[in-house]
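Examining the three-dimensional arrangement
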Amino acid sequence: MTLAKPYWFSEQKWKARGLLALLILLALLVNVINVSISFIFRNIDTSLATFPQTGDTTTFWRFIAIYAGLLVIGTPIVVMFGYLQDKLGLYWRDWLTNRFLDKYFQHRAYYKINFNENIDNPDQRISEDIRSFTRTSLSFLLLILTSIITLISFTGVLLSISVSLSIALIVYALVGTVVTAWIGQRLIGINFNQLRKEADFRYGLVHVRDNAESIAFYQGEYQESLQLRQRFLAAIRNFDLLINWQRNLGFFTQSYNYFVRALPYVVIAPIYFAGETDFGTFTQAGIAFLQIFSALSVIVSQFENLTAFAAGIERMGGLADALEIESKPQPGMTTIDTTEDSQVALRNLTLLTPNYERTLVRELSLSLQPGEGLVIVGNSGSGKSSLLRAIAGLWNAGTGQIIRPPLAQMMFLPQRPYMVLGSLRSQLLYPKTSGEISESKMHEVLEQVNLTDLPERVGGFDVELDWSGVLSLGEQQRLAFARLLLNIPNYAILDEATSALDLANEQKLYQQLRTQPATLISVGHRPSLLQYHEYVLELDGNSNWQLVPTEEYTANLSAFN
Ligand SMILES: Nc1ncnc2c1ncn2[C@@H]1O[C@H](COP(=O)(O)OP(=O)(O)OP(=O)(O)O)[C@@H](O)[C@H]1O
């Protein structure tokens, strides 16, 4: 699985490994500093406690000076440790997000994944889950690493003071870890659900924004707000559950943490009272105890993060697997065979819906000579658009063969005109991102689709607007048509691309198109469309079909009427 190839083995591995090695070195240095601090304060406290008997002040000041020196060296080390950790996290996110984006757009995975019920909100997985994954996994890795180093060095310190103290501490921390892990188990699932419900709620809001006008016409406010509130309520309910479990966990960890402060005193006091150790031991044991305690209980104190982290990994892993699967044919299911050639032909094509539940067309065969036109007609839901989806390779459930030219030579205008986010220029060039097309050519084409004054009206070719919001549906369809006339493909496939236009505009567009030598396949309901095509393919909705020359079809129609 290529997506699983880790960052540390990628083309950026040397940068990543170098930074990681530097971080480990800094972690070691931080630990050396911490151990030194415990010794410095042990000596400071002992010098203070023995002052009444010895009258010695120089030891005290000497250690204060050493501590000041340590601060000067220690500060940049600790700060750089945090900084480099963030930096490495940033590089990692950059790399991983780009990998996911590559996969998302390969083999049209972004389209197919919408039909996958297990993958909700891929947008959130790619944006937020990756961000928290890279940041958190790095901090966990370093936390565990530094904990192990701390554990080893301070156990050494502690053993030099008292064996029983060491044993008491380790037992205490282990018990705490196990109990917290047990309570926290429940949090994993709840956290997973929280991410999902928050994303659902946000998507609901985005959906209302995107469809604001339709909703306003339908006066659908009540229904929409009800639906949004339901999504919000689900998020709130789950969050309530989450904080309840966090409270339960809190009861335990809080009392557990309080007692940690007293534990070293309780264990050291008998040795001190027996005169077997100096006063500074309390300080050093306290510091060592806290260090070991936090190291051993990394899992305890980080449990909350750890569960959210595990949930995030699960969501990302799910997406990575799904993206991988989408790029391969489904095992055990028959798929339509596609062959590239310089013509369009269908041979014994049986097309099913992607879930293999409904047969849309059975045993369809036809072929089109270059420059010929075919119009597909039939009732709504009979599978007209689906046939175009199959030709474009979006759907492949079924049997038989589709012969078509390379997709780069074909241009599809989908049923819903698609307006890109960007300028009028990029709108016209789409799906190309740059091109040789001059502004005068663009003006000419806009004139052909009856949008002559559009650049003037909106303020030029480089103005960025919310095009689907400011243009009428018919204007959007004409703009999409302009794209077609600019690109001059050898094959034009139009799915009700003029459905929102008046007959005069429709006629103008189709006449323009027919002056080009392009092979044309249209889907449409209007009889006015028939005249621009040589053949009519009629689907009856029960997987039957008939193919007739247009003249014969129109003659039958008028005889019938
Ligand atoms: N992703 C999908 N999974 C399963 N079935 C689907 C999917 N998308 C569409 N369908 C079903 O496939 C059938 C054919 O749809 P299609 O869009 O091809 O109809 P159409 O003939 O173009 O209709 P219209 O004239 O209304 O645009 C419909 O019954 C539709 O509900």
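Residues numbered from 1 in each chain as written. Predicted model: local features only at pLDDT ≥ 70, side-chain atom pairs only at ≥ 80, totals over all residues. Heavy atoms only, no water.

1. Considerations on the sheet that holds strand 2 (residues 344-352)
Note the threshold: Pairing between two strands is assigned when DSSP locates at least 2 bridges connecting them. Helix and strand definitions follow DSSP, with helices as H or I runs of at least four residues and strands as E runs of at least two, each counted in order from the N terminus. Note on method: axes are straight lines fitted to C-alpha atoms, helices fitted across the in-contact stretch only, with angles between N-to-C directions ranging 0 to 180 degrees. Here a residue-residue contact requires only that any non-hydrogen atoms of the pair lie within 4.5 Å.
Ordered in space as 1-5-2-3, the 4 strands form an open sheet in which the pairing is mixed. Both edges of this open sheet fall to strand 1 (337-340) and strand 3 (359-368), since each of them pairs with a single strand only. On average, each strand axis in the sheet is tilted by 10 degrees relative to the strand beside it, whichever way the strands run. Summarising the sheet, strand 2 and strand 3 pair through 6 bridges and their orientation is antiparallel. Residue pairing for strand 3: A345 is matched across the bridge by S367. Its contacts with the sheet put helix 11 (residues 384-392) on strand 2, strand 3 and strand 5 (398-404), and the angle it makes with strand 2 is roughly 115 degrees.

2. Focus: the site of the ligand
As a reminder, the rule being used: A molecule or strand has a residue near it when one of that residue's heavy atoms lies within 4 Å. Any pair of nitrogen or oxygen atoms within 3.5 Å is treated as a polar contact; in protein, a donor-acceptor pairing is required on top of that, and neighbouring residues in sequence qualify only through side-chain atoms on both sides. Surface accessibility follows the Shrake-Rupley procedure with a 1.4 Å probe radius. Residue values consider only the protein chains on display as shielding. The nonpolar class holds Ala, Val, Leu, Ile, Met, Phe, Trp, Tyr, Cys and Pro. Asp, Glu, Lys and Arg form the charged class, and all remaining residues, Gly among them, are polar.
The environment of the ligand is formed by 19 residues, the closest being R358, S380, S385, S386 and Q415. The separation between an oxygen atom of the ligand and a polar side-chain atom of S385 is 2.7 Å. The side chain of H525 places a nitrogen or oxygen atom 3.1 Å from an oxygen atom of the ligand. In the complex, 71% of the free accessible area of the ligand, which totals 640 Å², lies under the protein chains. The element that contributes the greatest number of residues to the shell around the ligand is helix 11, accounting for 4 residues. Along the lines of polarity and charge, the residues of the shell around the ligand split into 4 nonpolar, 11 polar and 4 charged.

3. Remarks on the packing of helix 16 (residues 473-487) against helix 17 (residues 503-514)
Rule in force here: Should an angle fall under 35 degrees it is called roughly parallel, over 145 degrees roughly antiparallel, and 65 to 115 degrees roughly perpendicular, with every other angle called oblique.
Between helix 16 and helix 17, the shortest axis-to-axis distance is 11 Å and the interhelical angle comes to 10 degrees. When the axis of helix 16 is compared with that of helix 17, the two are roughly parallel. Two secondary-structure elements touch here, helix 16 through R478, F481, L484 and L485 and helix 17 through N505, L509, Q512 and L513. Residue composition of the contact of helix 16 with helix 17, grouped by class: 5 nonpolar, 2 polar and 1 charged.

4. What to know about the nonpolar core
The condition that has to hold: By convention a nonpolar core is built from buried Ala, Val, Leu, Ile, Met, Phe, Trp, Tyr and Cys residues, the set being connected through side-chain atoms within 4.5 Å. Burial classification: accessible surface area is computed with a 1.4 Å probe over protein chains only, and a residue below 20% of its type maximum counts as buried, one above 50% as exposed, and the rest as partly exposed.
Counting residues in hydrophobic clusters, the biggest one holds 40 residues, and the most contacted among them are W8, L88 and F100. Elements with a minimum of two residues in this core: helix 1 (13-54), helix 2 (58-105), helix 4 (122-161) and helix 10 (303-326). If you look at the next biggest cluster of nonpolar residues, it comprises 32 residues, including L451, W467, L486 and Y510.

5. Brief notes about the packing of helix 4 against helix 8 (residues 280-296)
Rules: In a left-handed crossing the near helix is turned counterclockwise from the far helix by less than a right angle, and in a right-handed crossing that turn is clockwise.
The geometry of helix 4 relative to helix 8 is characterised by a closest axis approach of 9 Å and an angle of 150 degrees between their N-to-C directions. Our classification of the angle between helix 4 and helix 8 gives roughly antiparallel. In terms of crossing hand, the pair formed by helix 4 and helix 8 is left-handed. Along its contact with helix 4, which presents S147, T150, L151, F154, T155, V157, L158 and I161, the element helix 8 presents T281, Q284, A285, I287, A288, F289, Q291, I292, A295 and L296.

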